Amino acid sequence: MIHHLIPAAAILAAVIGLTGAGAAPAEEDTKPIRALLVLGGCCHDYKRQQDLMTKGISARANVQWAIAYDPDTGTKHLNPWYEKEDWAKGFDVVVHDECCSDVKDIKTVEKILKPHKDGLPAVITHCGIHSYRTEGYPKATMWFEFTGLASTGHGPQAPIEISFVDKESPITKGLKDWKTGNEELYNNYAGKLHETAQPLARGKQTFNMGGKEVIADAVCVWTNTYNGKTKVFATTLGHNNDTVGDPRYLDTLARGLLWSVGKLEEGYLKPAKKVMIDEK
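Keep in mind the model is a prediction, meaning the values are calculated, not measured. (Residues numbered from 1 in each chain as written. Predicted model: local features only at pLDDT ≥ 70, side-chain atom pairs only at ≥ 80, totals over all residues. Heavy atoms only, no water.)

Visitor: How would you summarise the overall build of the chain if you had to cite specific residues and measurements?
Guide: Scanning the chain from terminus to terminus reveals 6 helices and 11 strands. The proportion of buried residues among the 280 residues of the chain is 48%. Residue pairs at least 24 apart in sequence account for 73% of intrachain contacts in the chain once pairs closer than 6 positions are excluded. (Helix = DSSP H or I, 4+ residues; strand = E, 2+ residues; numbered from the N terminus. Buried < 20%, exposed > 50% of the residue type's maximum accessible area, 1.4 Å probe, protein only. Contact = heavy atoms within 4.5 Å.)

Right under this line is the structure:
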């Protein structure tokens, strides 16, 4: 009997083929993304929205959460989570949904921004866009460099027609234009994104003001590259619970979050086994 020796390279190639090395990670191998949701402050039902957002995203993406909810309803109160020296340690992404425009201390804002300057991805929603109005407001602030857009306020509540303007982005793949119920469309300073930002969707809103029909149009979903490297996904939408709990809104947030951490792939587009990081 003649024995044929099989080259080591052939054996290695067979092993690679069987294990699927180089392919997308198998579902059982994907570690959940660790996300921190910071929310609280003025003007919104954050007590309810923290559940709508975390449970809604975790039903769509392999994301588990810690929540820094501040029940204070003013604009001057700093979320106590930021008092920690390493407030962002251990997280893959931070979702900023706080509403605290009058927190203006430079050193405090620098502390909030430092992990992101160092590369920690972020998602910024609704009032988180125009918080921390330090020197330079309304045209330019440290926070607006982070968000990629200078936002100064909003008009009355009315339905917003959402139109995706960048259909080639991996974030918008499969997403369709839609219309909200009553919602706030933020009025962006000069209507322009920073050069580091890329628009994904615009919002159009029609309402009556002083007996005249007014049509407002503004970017409402975009991405930003902060400090030359950090991936930021942002949207001005999300005032009312009906919007925050809308499947179309949650689809957009989930894809934006996954994009920010570089995990917008099949292995992560699945429900998380649990919502909270410390949940048993």
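Visitor: Give me the pattern of salt bridges: which residues, what numbers.
Guide: For the coordinates displayed, the defined rule picks out 6 salt bridges. Between D217 and R202 there is a salt bridge; the shortest N-O distance is 2.6 Å. Placement of D217 in strand 10 (residues 212–226) and of R202 in strand 9 (residues 197–209) is noted, with a sequence separation of 15 residues between them. The class for R202 is partly exposed, based on a relative accessible area of 29%. (Salt bridge = Lys/Arg side-chain N within 4 Å of Asp/Glu carboxyl O.)

Visitor: Explain the sheet that holds strand 2 (residues 63–70) to me, and be specific about the residues and the numbers.
Guide: The strand order across the open sheet formed by 9 strands is 2-1-3-4-11-10-9-6-7, and the pairing between neighbours is mixed. The open sheet is flanked by strand 2 and strand 7 (178–183), the only strands paired with a single partner. Neighbour-to-neighbour, the strand axes of this sheet turn through a mean angle of 20°, independent of strand direction. The pairing of strand 9 with strand 10 spans 12 bridges and is antiparallel. When the sheet's bridge partners are listed, Q205 is paired in strand 10 with A216. The sheet strands contacting helix 2 (residues 46–58) are strand 1 (33–41), strand 2, strand 3 (93–99) and strand 4 (122–125), and the helix crosses strand 2 at an angle near 170°. Sitting on the sheet, helix 6 (residues 247–260) is in contact with strand 1, strand 2, strand 3, strand 4, strand 6 (158–164), strand 7, strand 10 and strand 11 (230–235), with an inclination near 170° to strand 11. (Pairing = 2+ DSSP bridges. Axes fitted to C-alpha atoms, helices over the stretch in contact; angles between N-to-C directions.)

Visitor: Break down the side chain of T230 for me, citing the residues and quoting the values.
Guide: By the secondary structure assignment, T230 is in strand 11. Judged by its relative accessible area of 0%, T230 falls in the buried class. Among the polar contacts made by the side chain of T230, one reaches the main-chain amide nitrogen of G119 at a distance of 3.5 Å. (Polar contact = N/O pair within 3.5 Å; in protein donor to acceptor, adjacent residues only side chain to side chain.)

Visitor: Explain the pairing of strand 3 to me, and be specific about the residues and the numbers.
Guide: Along any regular strand the residues' side chains alternate between the sheet's two faces. Of all 7 residues in strand 3, 7 are buried; the element is thus mostly enclosed. Relative to strand 3, strand 1 is paired through 7 bridges, and the arrangement is parallel. From the neighbouring strand, L36 faces strand 3, where its bridge partner is V94. Pairing geometry for strand 3 and strand 4, over 3 bridges, is parallel. Bridge pairing links H96 to I124 in strand 4. For the crossover that starts at strand 3, traverses helix 3 (residues 106–117) and ends in the parallel strand 4, the hand is right-handed. (Right-handed = clockwise from strand over helix to strand, strands pointing away.)

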